[in-house]
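The primary structure of each chain is shown beneath.
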Amino acid sequence: MNISFSTRRKWLRGAGALVAGAVLGLPTVVADVTEGSRRRLRFSITLSNPESLLLKDQRFWMYLPVGYSGGQKLLTTEVSVPHRLHNDAFGHTLLELHFDQFPPLGQKVVGLAIEIAMNSMPHPSANSGDWLGAERFIESEAPGIVALSGELRHPDPWKTGRVIFDWVARNLTYAGYLADDYGALYALNRRRGDCTEYAYLATALARACGIPARMVGGYVLDRDAAPRAEDYHNWAELYVDGGWRLLDAQKGNWLQPVDQYVAFRYHRAEMHNPLGSAHRFRVEGGLKVRM
């Protein structure tokens, strides 16, 4: 899709938060650690021009694993074409591919190889950013969510987190994959949803209880993998005692297994980088994408 000038200008205002590194088809070392197990991920991205006309100034943006969060550290990224890597203010790692010209009816297959280190315990981290306020899909100030949070709140945030996990897991019915996001209030009122609604509701309840929380998107992997689009998953993280703690009510996982959850994206309603509200990738121009 095309991004309008006004939309482009919105995220360019925050361009100072992006730290770009130009890479020309070579491995990029992002961090170096010795602890934890290694996980290797591979993606094949097919970009195609469906038109019989030359396309100019085409850009493809994609979330890569978060550089350092939870129990993970991004070690290396290898891309088969010239590219740039960026980091935004929330710690996301962004891949940018730029094509000055893309031939009519042309196709290009991009290979992507990633290595990360995964620990069984979350890394200590600061709570940077506002993860307490209400926002789109996380309606933590809605009367129904506030009322329920009053019933679930406990003086001990660990116990509050566990009670939220139990309530969401027991009271929501898994609806299978839903193409659209519906949000926490929808999940509370309908008592159903996919992993996204489970995560939105858990996040909203935690925020209403005064616990910083965020919805996370990525993959749940116990080995090296080539993740498919349908493997993408959403869960919640709560900030307790100096670290982000796993809460995945849809899969029934509380606190563990941290070393199987590979985070790519944190939900934010406002536009803070070139991907906007996209969950996984975004195109500036007319290219079609298959992953």
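The present account deals with the structure reproduced in this document. (Residues numbered from 1 in each chain as written. Predicted model: local features only at pLDDT ≥ 70, side-chain atom pairs only at ≥ 80, totals over all residues. Heavy atoms only, no water.)

**Some thoughts on the overall build of the protein chain**
Here is step 1 of the chain: A tally of helices and strands in the protein chain yields five helices and 18 strands.
Here is step 2 of the chain: Of all intrachain contacts in the protein chain linking residues separated by at least 6 positions in sequence, the fraction that spans at least 24 positions is 76%. (Helix = DSSP H or I, 4+ residues; strand = E, 2+ residues; numbered from the N terminus. Contact = heavy atoms within 4.5 Å.)

**Points about the packing of aromatic side chains**
Here is step 1 of the chain: One pass over the structure, following the stated rule, counts 15 aromatic pairs.
Here is step 2 of the chain: The interplanar angle of 25° and the centroid separation of 4.7 Å between the aromatic rings of Y182 and Y186 together place this pair among those described as stacked.
Here is step 3 of the chain: What makes Y186 buried here is its relative accessible area of 15%.
Here is step 4 of the chain: The structure contains a cluster of three or more aromatic residues connected by ring pairs, namely F90, W131, Y239, W244 and Y266.
Here is step 5 of the chain: A cation sits over an aromatic face here: R214 above Y266, 3.9 Å from the ring centre. (Phe/Tyr/Trp six-rings, centres within 6.5 Å; stacked < 30°, edge-to-face > 60°. Buried < 20%, exposed > 50% of the residue type's maximum accessible area, 1.4 Å probe, protein only. Lys NZ or Arg CZ within 6 Å of the ring centre and 35° of its normal.)

**Focus on the packing of helix 3 (residues 157-171) against helix 5 (residues 195-208)**
In a packed pair of helices, the relevant descriptors are the angle between the two axes and the axis-to-axis distance.
Here is step 1 of the chain: Look at helix 3 against helix 5: their axes get within 10 Å of each other, and the N-to-C directions meet at 145°. Where helix 3 crosses over helix 5, the handedness of that crossing is right-handed. Residues I164, W167 and V168 of helix 3 form the contact with helix 5, whose participating residues are Y198, L201, A202, L205 and A206.
Here is step 2 of the chain: Considered class by class, the residues forming the contact of helix 3 with helix 5 number eight nonpolar, no polar and no charged. (Axes fitted to C-alpha atoms, helices over the stretch in contact; angles between N-to-C directions. Left-handed = near helix turned anticlockwise from the far one by under 90°. Nonpolar A, V, L, I, M, F, W, Y, C, P; charged D, E, K, R; others polar.)

**Some words on the sheet that holds strand 14 (residues 243-248)**
Here is step 1 of the chain: What the five strands build is an open sheet, ordered 15-14-13-12-16; its pairing is antiparallel. On the outer flanks of this sheet lie strand 15 (253-254) and strand 16 (261-266), each paired with one strand and no other.
Here is step 2 of the chain: Pairing of strand 13 (residues 233-240) with strand 14, which is carried by five bridges, proceeds in the antiparallel orientation. Each residue of the ladder has a partner; that of A236, found in strand 14, is L247. (Pairing = 2+ DSSP bridges.)

**A word on the side chain of N273**
Here is step 1 of the chain: Following the sequence through the fold, N273 ends up in the loop between strand 16 and strand 17 (281-284).
Here is step 2 of the chain: Here N273 falls in the buried class, since its relative accessible area comes to 1%.

**Digging into the side chain of D88**
Here is step 1 of the chain: Within the secondary structure, D88 is located in the loop between strand 7 (82-87) and strand 8 (93-102).
Here is step 2 of the chain: R265 provides the closest opposite charge to the buried, salt-bridge-free D88, at an N-O distance of 8.7 Å.
Here is step 3 of the chain: A polar contact is formed between the side chain of D88 and the backbone nitrogen of F90, at a distance of 2.9 Å. (Lys, Arg positive; Asp, Glu negative; His and termini not counted. Salt bridge = Lys/Arg side-chain N within 4 Å of Asp/Glu carboxyl O. Polar contact = N/O pair within 3.5 Å; in protein donor to acceptor, adjacent residues only side chain to side chain.)

**Section: the environment of G161**
Here is step 1 of the chain: As for its placement among the helices and strands, G161 is situated in helix 3.
Here is step 2 of the chain: Among the residues examined, G161 registers a relative accessible area of 0% and is labelled buried.
Here is step 3 of the chain: Taking the C-alpha atoms as reference points, G161 and W254, 93 residues apart in sequence, are found 8.8 Å from one another.
Here is step 4 of the chain: Residue contacts for G161: discarding those within four places in its chain leaves I211, L238, L247 and W254.

**Examining the pattern of salt bridges**
Side-chain pairs of opposite charge can arise whenever the charged atoms involved come near each other.
Here is step 1 of the chain: Throughout the structure, instances matching the rule amount to twelve salt bridges.
Here is step 2 of the chain: Note that R223 and D222 form a salt bridge whose closest N and O atoms lie 2.8 Å from each other.
Here is step 3 of the chain: Judged by relative accessible area, which is 55%, R223 ranks as exposed.
Here is step 4 of the chain: Across the pair R228 and E230 runs a salt bridge, and its minimum N-O distance is 3.5 Å.
Here is step 5 of the chain: Accessibility expressed as a relative area gives 47% for R228, which makes it partly exposed.
Here is step 6 of the chain: For E230, a relative accessible area of 57% corresponds to the exposed category.
Here is step 7 of the chain: The network of salt bridges with common partners includes R38, R40, E115 and D224.

**Some remarks on helix 5**
What sets the pattern is the α-helix's 3.6 residues per turn: residues three or four places apart point alike.
Here is step 1 of the chain: Between its first and last C-alpha, helix 5 extends 20 Å over 14 residues, near the 20 Å set by a 1.5 Å rise per residue.
Here is step 2 of the chain: Its side-chain oxygen at 3.0 Å from the backbone nitrogen of T196, D194 defines the N-terminal cap of helix 5.
Here is step 3 of the chain: Among the residues trailing helix 5, G210 stands out with phi positive, at a value near 85°. (Expected span 1.5 Å × (residues − 1).)

**Considerations on the pairing of strand 4 (residues 55-64)**
Here is step 1 of the chain: A large share of strand 4 lies buried, amounting to seven of its ten residues.
Here is step 2 of the chain: Bridge analysis of strand 4 against strand 8 gives nine bridges, and the strand direction is antiparallel. Residue pairing for strand 8: W61 is matched across the bridge by E96.
Here is step 3 of the chain: Inspection of the sheet shows strand 4 paired to strand 17 by four bridges, in the antiparallel sense. Along strand 17, the bridge assignment pairs W61 with R282.

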